[in-house]
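Observations on the three-dimensional arrangement
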Amino acid sequence: MSWELILESINDADEQFSVELDLKYTWIARGFARDWKAAGSPAANTPEMAELVRGCWDPKLRIANVADREEVASDFTLCLDPSQGRMHRYTKIRLTCSETLELHRFPFDRQLLAIQLTTYRDTNEVVFVPYEGRSSLNKSRAGRWKLHNGPSPLFVVPSTDSRGLIATSGRAYHRAFITIEAERDANWYITHFILPHCVIIAMNVNVTLISRNEVADRNSVTLTLLLTAVAFQFLLVSEVPKKNYQTILDWVMATGLAVQLVTCLLVFLNADNPHNEEWDRSAFYSLTDANVFVVELVFSLVFIVPWVAGNLLLVTLAKCGLYAASFDRLVQFGQGWLQTAMGEDEHGSCSGTYTLIRSGKARTASLVRFVKDGASSRTSAEPILAA
């Protein structure tokens, strides 16, 4: 099996991705050689051969995690070796697949997307066998995503000693996974949200330069900056995935708002109204104007400067690739589809082996044993062979 895949888009909100897939695979059609000989060995371009190919046994391949209707652009089958019944099929389809996205580190996240290949025939008839002799390729048209190992994508195949995907009928079905190792290009989020938000928070230092008896001016600055930060939240609604946990970008915006609110509170506590001594709250703390300036300057150094510096450090680490999750960790521990494909369900744990294959120029493969400890529900991955 080989393929050429183009990633069209990733929808964070719906946890779906759209691809254009050129899939090529080979199988041995049962009974084809016998029928071919019975037909008097017709040539490859005769109507008799075309009729034999159309009616031959096929593996009935399908994609299990399709979220939307498949659009088949082209599909044809040819016979490579009629004496053995070796068939070859080329299919070009456009489809949208579902995938659970790991977005804790959004927008500095990496995703391991999987197209789950299976068949309507059980493991007694069809199993997927990796064939490294054919190269495969992943490419991307998604503007905010870049692919890792595009020339040599990862192909995950559970071996025949795994339980397989168990249906309600009790029959087991084999699966294989075409994977896409995608990393989000965070430049758009950095330039449109994080850096402007840093500038907004840093501008709160200007409050310390306004005399504390200018209450209206000080409140005008802090409230304007606060409203600007809140406006960023509304702009971000359509860009941020709706998850039941906080992403990195959520924490950046939330902590920025907290700094803004503390600034407003500080202005309130240090307010001085020369027309009404009761409004001079700093008198309760025995603070002079000079001392108030020092207090606000210390606040800036303790809250605002570390917040801005921390976000700039986060951006630097992300740009250097030091903050993103490892793809190996995503392969081995982050995906439930692998356990399911190896037969894990409410009746039993997964067992057996699976093969990780790099197609294309690298042509390397690793065989990894995947063990499930049912007593402690602990998963482990132990490499047993590397080629």
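How each quantity is defined
Residues numbered from 1 in each chain as written. Predicted model: local features only at pLDDT ≥ 70, side-chain atom pairs only at ≥ 80, totals over all residues. Heavy atoms only, no water. Helix = DSSP H or I, 4+ residues; strand = E, 2+ residues; numbered from the N terminus. Buried < 20%, exposed > 50% of the residue type's maximum accessible area, 1.4 Å probe, protein only. Contact = heavy atoms within 4.5 Å. Areas by Shrake-Rupley, 256 points an atom, 1.4 Å probe, with all protein chains shown as cover. Core = buried A, V, L, I, M, F, W, Y, C linked by side-chain atoms within 4.5 Å. pLDDT = per-residue confidence, 0-100. Pairing = 2+ DSSP bridges. Salt bridge = Lys/Arg side-chain N within 4 Å of Asp/Glu carboxyl O. Axes fitted to C-alpha atoms, helices over the stretch in contact; angles between N-to-C directions. Phe/Tyr/Trp six-rings, centres within 6.5 Å; stacked < 30°, edge-to-face > 60°. Lys NZ or Arg CZ within 6 Å of the ring centre and 35° of its normal.

In terms of regular secondary structure, the chain is built from eight helices and 15 strands. Out of the 387 residues belonging to the chain, those deemed buried represent 45%. Sequence-distant contacts, at least 24 apart, represent 71% of the contacts inside the chain between residues at least 6 apart. Put simply, the chain shows about 19400 Å² of open surface, and 55% of that area lies on carbon and sulfur atoms.

Our focus in this paragraph is the nonpolar core. Within the largest apolar cluster, 68 residues are counted, with the highest numbers of intra-cluster contacts made by Leu7, Phe17, Leu21, Phe32, Ile115 and Ile178. The contacts of leucine 21, once residues within four sequence positions are left out, are Trp3, Glu4, Leu5, Ile63, Thr91, Lys92, Ile93, Leu95, Ile115 and Ile178.

With 73% of its residues at a pLDDT of at least 70, the chain reaches an overall mean of 75. For the stretch residues 328–334, pLDDT sits under 50, and the model shows 15 contacts to residues farther than four places along the chain or on other chains. Low confidence marks residues 360–387, where pLDDT is under 50. Its contacts with residues over four positions away, or in another chain, come to 67 contacts.

Attention shifts here to the pairing of strand β4 (residues 71–81). In terms of strand pairing, β4 meets strand β5 (residues 86–98) through nine bridges, oriented antiparallel. Following the sheet pairing, leucine 78 is matched in β5 by histidine 88. Joining the antiparallel neighbours β4 and β5 is a turn of four residues, in which glycine 85 adopts a positive phi near 75 degrees.

It is worth spelling out the pattern of salt bridges at this point. Summed over all chains, the structure comprises 15 salt bridges. Taking the shortest distance from any N to any O, the salt bridge between glutamate 71 and arginine 94 comes out at 3.6 Å. You can see glutamate 71 sitting in strand β4 and its partner arginine 94 sitting in strand β5, a full 23 residues away along the chain. Taking the relative accessible area as the measure of exposure, arginine 94 reaches 32% and is therefore partly exposed. Here the salt bridges do not stand alone but share partners, grouping Glu8, Glu20, Glu71, Lys92, Arg94 and Arg141 into one network.

As a further point, take the sheet that holds strand β2 (residues 16–28). With respect to topology, five strands assemble into an open sheet ordered β4-β5-β2-β1-β7, the strand pairing being mixed. A strand with exactly one partner marks an edge of an open sheet, and here the two such strands are β4 and β7 (137–140). Here the strands of the sheet are splayed against their neighbours by 20 degrees on average, with no regard to which way each runs.

Here the bond from phenylalanine 106 into proline 107 is cis, since omega is 5 degrees, no more than 30 degrees from zero. For proline 107, the position within the fold is in the loop between β5 and β6 (110–119). You will see that lysine 60, though not glycine, has its phi angle at about 55 degrees, which is positive. Looking at the secondary structure, you find lysine 60 in the loop between α2 (47–54) and β3 (61–63). Residue lysine 60 is classed as partly exposed on the basis of its relative accessible area of 38%.

Right, let's talk about the packing of aromatic side chains for a bit. Applying the stated criterion across every chain, the model contains five aromatic pairs. Ring centres of phenylalanine 106 and tyrosine 189 lie 5.2 Å apart, and the angle between their planes is 70 degrees; this geometry places the pair in the edge-to-face category. Taken together, the positions of phenylalanine 106 in the loop between β5 and β6 and tyrosine 189 in helix α3 (residues 187–202) put the pair 83 residues apart, joining distant regions of the chain. Since its relative accessible area comes to 2%, tyrosine 189 is described here as buried. Judged by centre distance (5.3 Å) and plane angle (85 degrees), the rings of tryptophan 188 and tyrosine 189 are edge-to-face. Judged by its relative accessible area of 27%, tryptophan 188 is partly exposed. Sitting above the plane of the tyrosine 120 ring, arginine 62 keeps its charged end 5.0 Å from the centroid.

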